[in-house]
Structures are given as C-alpha cells and as structure tokens.
Amino acid sequence: MTKLVFYGGVDEIGGNKILLEDKGTKVLFDFGQSFSFGQEYFTSWLGPRSVNGLGDYFEFGLIPRIRGLYAEDQLKGTDLAYCEPEVSAVFLSHGHFDHVAHICFVDQKIPMYLGAGTKLFMESMEATSSFCDYKTHNFQTFRTGKKIKVDGIEVEPVHVDHSIPAAYGFIIRTSDATIVYTGDFRLHGQRRDLSEDFLQKAKAANPDALVCEGTRMARKEKRRNVSEQQVKVRSAKIVSFTDKIVFATHYSRDMDRFRSFYDVAVKNNRQIVVSPKTAYLLSRLAEDAHLNLPNSLKDGNILVYYKRKKTGTYDDGDYYAWERPFIEKMATAEFVHANQHRLIMDLDFYQFAELIDIRPERGSPFIHSMSEPFSEEDIEDAVLHNWLEHFGLQFHQLHASGHLSREQIGDVVAKISAKKVFPVHTENARLFRQLCRNVEVPLREKEYDIQLSSCG
Ligand SMILES: [Zn+2]
C-alpha cells in the first residue's frame, strides 16, 4: 500500500517535507524550512545553536523525529538514536531555501536527487554565503523526463516554470498508485511551456493523488496577477523614458527577473550592474547550457559593482577569492555616478548605504521588483521609503509571482483531475474545497493511505 505523510508544508508556506512509502521503501520529497519556521521561539539573533545539531530543533518539535534519516553527528545532542538509513532517497524539486534548507541534517549515505541546475545553484549559495552549508551528500543529478527507480518506486521529474531555473514537479509511480507532486510553479512566466509540459504529463498519468502547492490560495485574490512579460514591458517603459540611472531590486536567485532587466538594459543601450554574488551565480549557471543565461565573465553588457571594503581602495586583497574573477569588470561608486544615464543597477535593500557614495540624480527611478510587504507596519519597508525619499528616488512596484494565482490553481487541479488532492505550501488548504471536490486537507504527520483514499 502506498502511504503519504506530510511532515512539513502543512498550514505554512514552504517547508515541504513529504514522505512516500511503498512496500517498505521510503522516499522523501523536499526537506526545506518554511518562512514562518520557529518564529515562536527564535528571532533575529536568538537562533538554534549549530553546535547542538538537531537538539535545539527537537526541543521545540520544529523538525520531525524520523528514524533512519539523520546524520549521526546531528543526532548527538538528542535522545533519538542513530541508525542506518531507513529512507532510501531524497528528491529536491528546486533550490529555494524553503525546499532544501534542512538537508544539512540528513545522513550523507542517503542519495539526494536534484536537477543539474539546482546543484549549481546550491553550490553557488554555499560559495558566496558564510551561513549556508548544505553539508556533503551523495548528490545525483537529473534532467526532465529521466525516470529514476528507487526499489519499486519510479520517480519522473518534469520541468516547470518557477522563479528559479531548474525547478521540477514529479510524477511518482508505486506498486499500486500514481502520485503527482507539483513542487512550486506558475503559468505566467517566460517559460510557461515548461509548466504546460508538466501539466500534460501529470494529466496523462491519471494520478490517484495530487500534492499541489497553494501559496497564493486566498479567499479573494488581493493582488493582480502580473506576468513576467508585463514586468519586462513596464520596466522597459520606465527605462526608455528616463536619462537617469535606473535601480532595480529583486530576489537574487530569480534569473527570469535578471533576464528581464538584462534584456531591457541591452535594448536601451545600457549596461547592467550586478553584485559580485549575482556575477558569481551567473558564471556558475553558464556551465549549464540548457539555462541559456549570459556569462558574467564574458558578457560585455554586464558590469560588477564592488563596494569599498577593508582598505577602502578597491585593492584585490580586500575581496573574497570568489569575488575576484570579475575585478576587470569592476564598477565603482565613482564609475556609477559618472555613467548614470547608461546603467541599470541591481541594488538590494541591504546595499542601500552605497547610495551615499553613488549620489544618484534626484528623480532616478527605483523599481521594487519583489513582493509587496505583507503588513502595513513593515519596518524594513518604512526604512526603504525613507532612503528613497532622502535621495529623491522615484518608486515603482513591479513584480510577477513565482506561484499560481488562485484562479490558476483551480484550473490546474481541474485539468489534472486526480482522485484526491492534498494542498501543501499554503496557509489556506481548506479553501481548495471551494475550487474542487476530493480535497484532503493534510494533517501534520498523519499517514494517508493512497489506495484507500482514492476509493473512498
Ligand atoms: Zn516554496
């Protein structure tokens, strides 16, 4: 009998941890950290101690106690005894934190399957961030359509369009059931065709169960569904109407958004200035020709912004080894100031102090290409607007979500027409019932028998 257990992604956005079991073989899908993770106990500088492994997490029941999953050293400070792996494989849908963060606790003897591009993303994150360490694993990369056998379970990853390249959904065939897991995806990106491929295959599989993301499920759609194409067209308009510098802030790993601003820059005879982190990521992603992204090391349209560090004189030795390969493409604050009319610059909130050195002309556009703040009392948002006002920058909100809209969720669920639908990655699983029948709102750690649920 095929069973599903939801250890995460239940009543929360992200943190998916989905265990599938068939004839004694256990396979995990995603092992991430939700956005609201641990917020009752931890805040800013009060965090779990890494020296205590899983101990601080088990203390508050924040991570599930699954036998035969965790690494021996991570279990040291806990009362859960180490044993040889009882989970046969972990599959990762994409490289976002809320799907992969907790693999650092997983026993490295367990094979970890992920997209070839996802592996590049994760390596890049580790190389450029001092607090990101996924630990060593037996990584096995896949591409779309490859069928992977884990004992009697067959897993087929199929590409989808999401706000990070190399994102996948899965079609899983066990001894007695077919299950589709969407991962995170959307239908309004530049690569809608990828998601359409997935939907077609998912429908053809005639699944017994659909595990579907519901990030944007809400009683009423509060935000307009802006497409990636609209973001591009509107930002092109902003850029073509100004002779000043244009600043843009977006999620650093959203390469579709980078591509949109890159295209707009090239079309308007401007260069795009990115951070060393983005430059490094682009140089790594260039290793995967399928992703078709410009190589920051070679592409003349890309410049790299170096902040003053240590000596304050832009000396090579002031920068990390991973930052140095782009030094020939260096844009300093002085350079940016002198060339404002021919640049688009990525500037994220945490780099705002650079504005003091850049001294942009008043009236320069600032495109906030990220989600709007969830609360009206958002402190960072207030600080952001104070800075914009101080420098006389003109604010534009322009963002396309990485997730299906409420309406699209309804269409997707209807199209796949699985016998049972399990909403995950949502705080509003119950609302799926307004869109379709056969919804099973998953409870955390409850075992769901797929054959039984499909019959009754
Ligand atoms: Zn997610």
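Residues numbered from 1 in each chain as written. Predicted model: local features only at pLDDT ≥ 70, side-chain atom pairs only at ≥ 80, totals over all residues. Heavy atoms only, no water.

Chemist: What exactly am I supposed to notice about the overall build of the protein here?
Modeler: A count of helical and extended segments in the protein gives 12 helices and 20 strands. Rg of the C-alpha trace for the protein: 23 Å, near the compact-globule value of 23 Å for 456 residues, within the 12% margin. With the C-alpha coordinates aligned to their principal axes, the bounding extent of the protein is approximately 70 × 45 × 45 Å. Among the 456 residues that make up the protein, the fraction classed as buried is 57%. Of the contacts formed within the protein by residues at least 6 apart in sequence, a portion of 69% connects residues at least 24 apart. Accessible surface for the protein amounts to roughly 20600 Å². Of this, 48% is attributable to carbon and sulfur atoms. Taken as two groups, the 57 positive and 63 negative side-chain charges of the protein have centres that lie 4 Å from each other. (Helix = DSSP H or I, 4+ residues; strand = E, 2+ residues; numbered from the N terminus. Rg over C-alpha atoms; globule rule 2.2 N^0.38 Å. Buried < 20%, exposed > 50% of the residue type's maximum accessible area, 1.4 Å probe, protein only. Contact = heavy atoms within 4.5 Å. Areas by Shrake-Rupley, 256 points an atom, 1.4 Å probe, with all protein chains shown as cover. Lys, Arg positive; Asp, Glu negative; His and termini not counted. Charge placed at Lys NZ, Arg CZ, Asp CG, Glu CD.)

Chemist: How should I be thinking about the packing of aromatic side chains in this particular structure?
Modeler: In this description, an aromatic ring pair is defined by two values, namely the gap between the centres and the angle between the planes. One pass over the structure, following the stated rule, counts 28 aromatic pairs. Arranged with centres 6.1 Å apart and planes meeting at 65 degrees, the rings of Phe58 and Tyr70 form a pair that is edge-to-face. One end of the pair, Phe58, is in helix 1 (residues 55-59); the other, Tyr70, is in the loop between helix 1 and strand 4 (89-91), with 12 residues separating them in the sequence. The class for Phe58 is buried, based on a relative accessible area of 11%. Grouped by ring-pair contacts, the aromatic residues Phe29, Phe91, Tyr113, Phe142, Tyr168, Phe170 and Tyr181 constitute a single cluster. The ring centre of Phe31 lies 5.0 Å from the NZ or CZ of Lys17, which sits over that ring. Its guanidinium or amino end placed over the ring of Phe58, Arg65 lies 5.2 Å from that ring's centre, counting from NZ or CZ. (Phe/Tyr/Trp six-rings, centres within 6.5 Å; stacked < 30°, edge-to-face > 60°. Lys NZ or Arg CZ within 6 Å of the ring centre and 35° of its normal.)

Chemist: Would you mind going over the packing of helix 3 (residues 116-128) against helix 7 (residues 276-285) with me for this structure?
Modeler: Angle between the axes and distance between the axes: these two values describe a pair of packed helices. Relative orientation of the contacting elements helix 3 and helix 7 amounts to 145 degrees, with a least axis distance of 9 Å. You can see that helix 3 and helix 7 cross each other, and the crossing is right-handed. The segment helix 3 lies against helix 7, with Gly117, Leu120, Phe121, Glu123, Ser124, Ala127 and Thr128 engaging Lys277, Tyr280, Leu281, Arg284 and Leu285. By residue class, the composition of the contact of helix 3 with helix 7 is 6 nonpolar, 3 polar and 3 charged. (Axes fitted to C-alpha atoms, helices over the stretch in contact; angles between N-to-C directions. Left-handed = near helix turned anticlockwise from the far one by under 90°. Nonpolar A, V, L, I, M, F, W, Y, C, P; charged D, E, K, R; others polar.)

Chemist: Sorry if this is basic, but what is going on with the coordination of the zinc ion here?
Modeler: Tetrahedral coordination by four donors places them ideally at 109.5 degrees to one another around the metal; octahedral coordination by six donors ideally gives 90 or 180 degrees. Looking at the zinc ion, one finds its protein donor set to be Asp98 (OD), His99 (NE2), Asp184 (OD) and His425 (NE2), positioned 2.0 to 2.1 Å from the metal centre. Geometry at the zinc ion is irregular, judged from its 4 donor atoms and the angles of 87 to 172 degrees they form at the metal. In primary sequence terms, the donor set of the zinc ion follows D-H-x84-D-x240-H. Of the two residues, His99 is situated in helix 2 (residues 97-100) and Asp184 in the loop between strand 10 (178-181) and helix 4 (192-204); the sequence distance between them amounts to 85 residues. Judged by relative accessible area, which is 0%, His99 ranks as buried. (Donors = N, O, S within 2.8 Å, 3.2 Å for Na, K, Ca; no water. Tetrahedral: all angles 85-135°; square planar, octahedral: opposite > 155°, others 65-115°.)

Chemist: Could you clarify how one ought to interpret the packing of helix 4 against helix 11 (residues 406-416) in this entry?
Modeler: Axis separation between helix 4 and helix 11 bottoms out at 8 Å; the angle between their running directions is 40 degrees. Along its contact with helix 4, which presents Glu196, Leu199, Ala202 and Lys203, the element helix 11 presents Val412, Lys415 and Ile416. Within the contact of helix 4 with helix 11, the residues separate by chemical class into 4 nonpolar, no polar and 3 charged.

Chemist: Is there a simple way to think about the pairing of strand 19 (residues 420-424) in this case?
Modeler: Every other side chain in a regular strand lies on the same face of the sheet, so the side chains alternate between the two faces. Most of strand 19 sits inside the fold, with 5 of its 5 residues counted as buried. Neither face of strand 19 is exposed, since Lys420, Phe422 and Val424 on one face and Val421 and Pro423 on the opposite face are all buried. Two strands pair when backbone bridges link them, and strand 11 (residues 209-213) and strand 19 are joined in this way by 5 bridges, in the parallel orientation. Across the sheet, the residue bridging to Val211 is Phe422, located in strand 19. (Pairing = 2+ DSSP bridges.)

Chemist: I would appreciate a short explanation of the layout of surface pockets in the present structure.
Modeler: A water-sized probe, rolled over the atoms, reveals where empty space remains. Considered as a void within the structure, the second largest pocket measures approximately 590 Å³ in volume. Lining the second largest pocket are 29 residues, with Pro165, Arg191, Leu194, His290 and Leu291 positioned closest to its centre. Those elements that provide at least two residues to the lining of the second largest pocket are helix 3, strand 8 (153-160), strand 9 (167-173) and helix 6 (255-267). Top element by residues in the lining of the second largest pocket is helix 6. It accounts for 5 residues. Taken together, the residues of the lining of the second largest pocket break down into 12 nonpolar, 9 polar and 8 charged. (1 Å grid on protein atoms, 1.4 Å probe; cavity = no way out; pocket = protein on both sides within 12 Å on 5 of 7 lines; lining within 4 Å. Points joined across faces, edges and corners; volume = space filled by probe spheres on them.)

Chemist: Honestly, the environment of Lys419 in this entry has me stumped. Any pointers?
Modeler: Counting through the fold element by element, Lys419 comes out in the loop between helix 11 and strand 19. A relative accessible area of 35% places Lys419 in the partly exposed class. Counting along the chain gives 18 residues from Lys419 to Arg437, while the straight-line C-alpha distance between them is 9.1 Å. Here the side chain of Lys419 touches Asp208 through a polar contact of 3.0 Å, side chain to side chain. (Polar contact = N/O pair within 3.5 Å; in protein donor to acceptor, adjacent residues only side chain to side chain.)

Chemist: Could you clarify how one ought to interpret the sheet that holds strand 18 (residues 394-397) in this entry?
Modeler: Two modes of strand pairing occur in sheets, parallel and antiparallel, and in both the strands are linked by backbone hydrogen bonds. Spatially, 7 strands are ordered 15-14-13-16-12-17-18 in an open sheet, and the strand pairing comes out parallel. The outermost strands of the open sheet, each flanked by one partner alone, are strand 15 (330-331) and strand 18. Relative to strand 17 (residues 365-369), strand 12 (residues 246-250) runs parallel, the two being bridged by 4 bridges. From the neighbouring strand, Thr249 faces strand 17, where its bridge partner is His368. Along the sheet, helix 5 (residues 228-240) makes contact with strand 12, strand 16 (343-346), strand 17 and strand 18, crossing strand 17 at roughly 170 degrees.

Chemist: How do you make sense of the pattern of salt bridges when you look at a structure like this?
Modeler: Opposite charge on two side chains lets them pair, provided their charged atoms get close. Under the definition given, this model contains 25 salt bridges. In this structure, Arg444 engages Glu12 in a salt bridge whose closest nitrogen and oxygen atoms are separated by 3.2 Å. Taken as a pair, Arg444 in the loop between strand 19 and strand 20 (447-449) and Glu12 in the loop between strand 1 (2-8) and strand 2 (17-22) lie far apart in primary sequence, 432 residues in all. A residue is classified by how much of its surface remains accessible, and Glu12, at 11% relative accessible area, is buried. (Salt bridge = Lys/Arg side-chain N within 4 Å of Asp/Glu carboxyl O.)

Chemist: Where do I start with helix 10 (residues 379-391) in this structure?
Modeler: For an α-helix, 3.6 residues make a turn, and residues three or four places apart therefore share a direction. With 13 residues, helix 10 should reach 18 Å at 1.5 Å per residue; the first-to-last C-alpha distance of 19 Å fits that figure. Among all positions in helix 10, only Leu384, Leu388 and Phe391 are buried. Projected onto a plane normal to the axis of helix 10, the buried residues spread over an arc of 75 degrees and lie on a single side. Facing away from the buried surface of helix 10 by more than 90 degrees, the exposed residues are Ile379, Asn386, Glu389 and His390. The N-cap residue of helix 10 is Asp378: its side-chain oxygen and the backbone nitrogen of Glu380 are 3.1 Å apart. The positive-phi residue at the C-terminal boundary of helix 10 is Gly392, with phi of around 65 degrees. (Expected span 1.5 Å × (residues − 1). Arc of directions from axis to C-beta.)

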